[in-house]
Amino acid sequence: MNATTRRLPSGAPLPRLGRALADAWTITLRDLNHWALRPGTVIVGWLFPVMTVLMFGGLFGGAISVPGGGGYFEFLMPGMFTLTMLFGLETTMTAVTTDAARGVTDRFRSLPMSSSAVVLGRCAADMLNSVGGLAVMIGAGLLLGWSWHGGPGAALAAVGLLLLLRFALLWVGIFIGLAAGGPEAVTSVQILVWPVGFLSGVFVDPATMPAWLGAIAAWNPLSATAAAARELFGNPGHGGGSWIEQHAMLMAAGWPVLLVAVFLPLSARTFRRLKG
Amino acid sequence: MQEAESTITAEGVRKRYPGAPDGTGLNGFDLRVAAGSVCGLLGPNGAGKTTAVRILSTLLEMDAGRASVAGFDVRTQGRRVRERIGLVGQYAAVDEILTGRQNLVMFGRLNRLPVAAARRRADELLERFSLAGAAGRPVGGYSGGMRRRLDLAASLVVSPPVLFVDEPTTGLDPAARREVWTAVRELVDEGTTVLLTTQYLEEADRLADRVSMLKEGRVVAEGTPDGLKSALGGDWIEIVFAGPADAEAARPIAARVASGELRLDGPAHRIGVPVAERTRALVRVATALNEAGIEPEDITLRRPTLDEVFLHLTGGAAGTEAERPAARVNAATGPEDPAEETV
């Protein structure tokens, strides 16, 4: 066979980090190619939260009185942005578990590529996807009469916090996707996404729930991000008297950091020990 | 012939899966594969074939033992090993959404080929594996044989000196199977060392220079396919009769030419006659039957198939003395027979 195609010696000039990034880009490119070949999947993924917002806004908008006054969409949209980040978890889980089940992950692991590149590439592709999804949602919100009332800096900070949550959920998704061992197991986890989404301050003020439920909802990481986003966008929020609700901004940063601290090492460990 | 140089070696490799029953995983697995040869790893499901491949290709850590591939330690020099191996797993590990060409370019890039080289190589391989026509179609629409060929091509983007092929033809139709066999053979002709696991003995018979038979995580027999077959007992004549009376009458005649004990299969009216001199014995028994006025329905000269060797070694009671002779076949080539040592 052609001798020039023989594997390069491992002392290649490219430094380690450069190689990892080049490999990660190749993996990201793979996902971008997926989008190009199956644009329907991406578009449905982006439009699903829009449908949800229309459904909830239309169904409950009239019946729900927003704390501090204002339209329900004004209250709902930051929550829905947060929920969109949670929906992204399913994309990550499905992609990771499908690769593992099909043996694609094993093939990657048998290559001399950087082992962190597989997850880095996944990370980049999913973040790009979520940025797209968030942009679509913000566009939809603006059409529905939602708007931000603070400065552009604060609005960008809100977007930053939302994407930080998405980044944290990415590692949760990678871990579950690797640990699940098959697409069937992931389906059952996907069902749980809904209660986790509902049991939060995304749709309503936790103060309107029974005390114990409200406490759980307040401690839901989604609640912190939703509350912080409302504050930064200048949308009506629910004050809430508990410590956790008083420190929404802090927790909107704290929860994701905590999630990453737990699930990143767990994912790395599971990836190394994959048995398949 | 450079028989002396082993490209793949394993010594006393052990691996237990937590919670798995005894006998699964590997229990003192030994292997030596000479450079440029094909080693067939044969065994029933759960014998440890895939575990062995996963350990040798650095996907799985062993509990104990030593193994090296292309001169590098599997445990401590994983990256070096990965730079020199290709892995074709049990299922076609290719991206279903991407096109065939996109798959190969991606694996070329991950193998550190520059973009232009990766594209060129992808086209070469598509041509070679007769996939050029389907190169632009998503793999999801490929047939089983096409996928396997693409899978094989994906592990060859950089012509690795060592290739692991784990049950390459499971679930393929005969035509597709033959295509894969041809592809593997061509690689070996180019000097690649291949470790092939299979449940199909025909496959091992066709492809492998040497065969290691695996049972409960250990190699119970090792040798060339021919060597293993003759070790089981050499040739025999199989005679099928029309009815039990004929079979009964033919027994003493058959016994006269037999070099060992007759094998009788009553319900099928069949007699197996072990023989030392193949054609002479055939002529003698046919003449004698003719003289006695017995006309057999069928009479054939047979040699044990790998299937029979396999069933003999893995079927009956474990560790009986009967297994041992086969295990010693061709022990001359290896330094000593690994299967004998580990007990």
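Residues numbered from 1 in each chain as written. Chains lettered and ligands numbered in written order. Predicted model: local features only at pLDDT ≥ 70, side-chain atom pairs only at ≥ 80, totals over all residues. Heavy atoms only, no water.

Draft legend 1. Structural view of the sheet that holds strand E1 (residues 6-15) of chain B. Residue and element names in this part refer to chain B. One open sheet holds the four strands; their spatial order is E2-E1-E4-E5, and the pairing between them is antiparallel. A single partner strand is all that each edge strand has here, and the edge strands are strand E2 (26-34) and strand E5 (72-73). Relative to strand E4 (residues 64-69), E1 is paired through five bridges, and the arrangement is antiparallel. Directly across from alanine 10, in E4, lies its bridge partner alanine 67. (Pairing = 2+ DSSP bridges. Helix = DSSP H or I, 4+ residues; strand = E, 2+ residues; numbered from the N terminus.)

Draft legend 2. Structural context of the nonpolar core. By size, the foremost hydrophobic cluster in this structure holds 118 residues, and its most contacted members are Phe81(A), Phe108(A) and Met213(B). With 16 residues, the top contributor of residues to this core is helix H6 (residues 152-180) of chain A. Setting aside residues up to four positions removed in sequence, Phe81(A) forms contacts with Leu134(A), Met137(A), Ile138(A), Trp146(A), Leu162(A) and Phe233(A). Core analysis: the next-biggest nonpolar cluster, separate from the first, contains 29 residues, Ile8(B), Val53(B), Met62(B) and Leu87(B) among them. (Core = buried A, V, L, I, M, F, W, Y, C linked by side-chain atoms within 4.5 Å. Buried < 20%, exposed > 50% of the residue type's maximum accessible area, 1.4 Å probe, protein only. Contact = heavy atoms within 4.5 Å.)

Draft legend 3. Geometry of the side chain of Thr99(B). By the secondary structure assignment, Thr99(B) is in the loop between strand E6 (85-88) and helix H3 (100-110). With a relative accessible area of 6%, Thr99(B) lands in the buried category. At a separation of 3.5 Å, a polar atom in the side chain of Thr99(B) contacts the main-chain carbonyl oxygen of Ala135(B). For Thr99(B), the contacting residues outside a window of four places in its chain are Leu37(A), Ala135(B), Gly136(B), Arg137(B), Pro138(B) and Val139(B). (Polar contact = N/O pair within 3.5 Å; in protein donor to acceptor, adjacent residues only side chain to side chain.)

Draft legend 4. Up close: the confidence of the model for chain A. All names here are of chain A. Averaged over chain A, the pLDDT score is 87; the fraction of residues at 70 or greater is 92%. Taking the mean pLDDT of every element in chain A, the minimum, 81, falls on helix H10 (residues 243-246) and the maximum, 94, on H6. A low-confidence stretch, residues 1-11 (pLDDT under 50), is modelled with 27 contacts involving residues beyond four sequence positions or located in other chains. (pLDDT = per-residue confidence, 0-100.)

Draft legend 5. Unusual backbone geometry, seen in detail. All names here are of chain B. Phi is positive for serine 159, which is not a glycine, with a value near 40°. The class for serine 159 is buried, based on a relative accessible area of 6%. Positive phi outside glycine occurs at glutamate 167, with the angle close to 45°. In this structure, glutamate 167 sits in the loop between strand E7 (162-166) and helix H6 (174-189).

Draft legend 6. View of the pattern of salt bridges. Under the criterion given, the structure shown has 26 salt bridges over all chains. For Glu186(B), the salt bridge is made with Arg128(B), and the minimal N-O distance between the two is 3.8 Å. Taken together, the residues Glu186(B) in helix H6 and Arg128(B) in helix H4 (residues 115-128) connect sequence positions 58 residues apart. Assessed through its relative accessible area of 34%, Glu186(B) is described here as partly exposed. Among the ionic pairs, Arg302(B) bridges to Glu238(B), the shortest N-O distance being 3.5 Å. Here Arg302(B) is found in strand E14 (residues 298-302), whereas its partner Glu238(B) is found in strand E11 (residues 236-240), with 64 residues between them in sequence. What makes Glu238(B) buried here is its relative accessible area of 13%. Here the salt bridges share partners, and the residues they tie into one network are Asp31(A), Arg122(A), Asp126(A) and Arg166(A). (Salt bridge = Lys/Arg side-chain N within 4 Å of Asp/Glu carboxyl O.)

Draft legend 7. Highlighting the interface of chain A and chain B. If you look at the interface, chain A gives 32 residues, while chain B gives 43 residues. Overall, the association of chain A and chain B removes approximately 3,800 Å² of surface from exposure, summing both partners, and the carbon and sulfur fraction of that is 53%. Across the chain A-chain B interface, the total number found is four salt bridges. Put simply, Arg112(B) and Asp23(A) hold a salt bridge, and the shortest N to O gap is 2.3 Å. Among the secondary structure elements, those contributing two or more residues to the side of chain A that touches chain B are helix H1 (16-37), helix H3 (72-102) and helix H4 (104-109) of chain A. At eight residues, the largest contribution of residues to the side of chain A that touches chain B is made by H1(A). Residue composition of the side of chain A that touches chain B, grouped by class: 11 nonpolar, 10 polar and 11 charged. (Buried area = accessible area lost by both parts, 1.4 Å probe. Nonpolar A, V, L, I, M, F, W, Y, C, P; charged D, E, K, R; others polar.)

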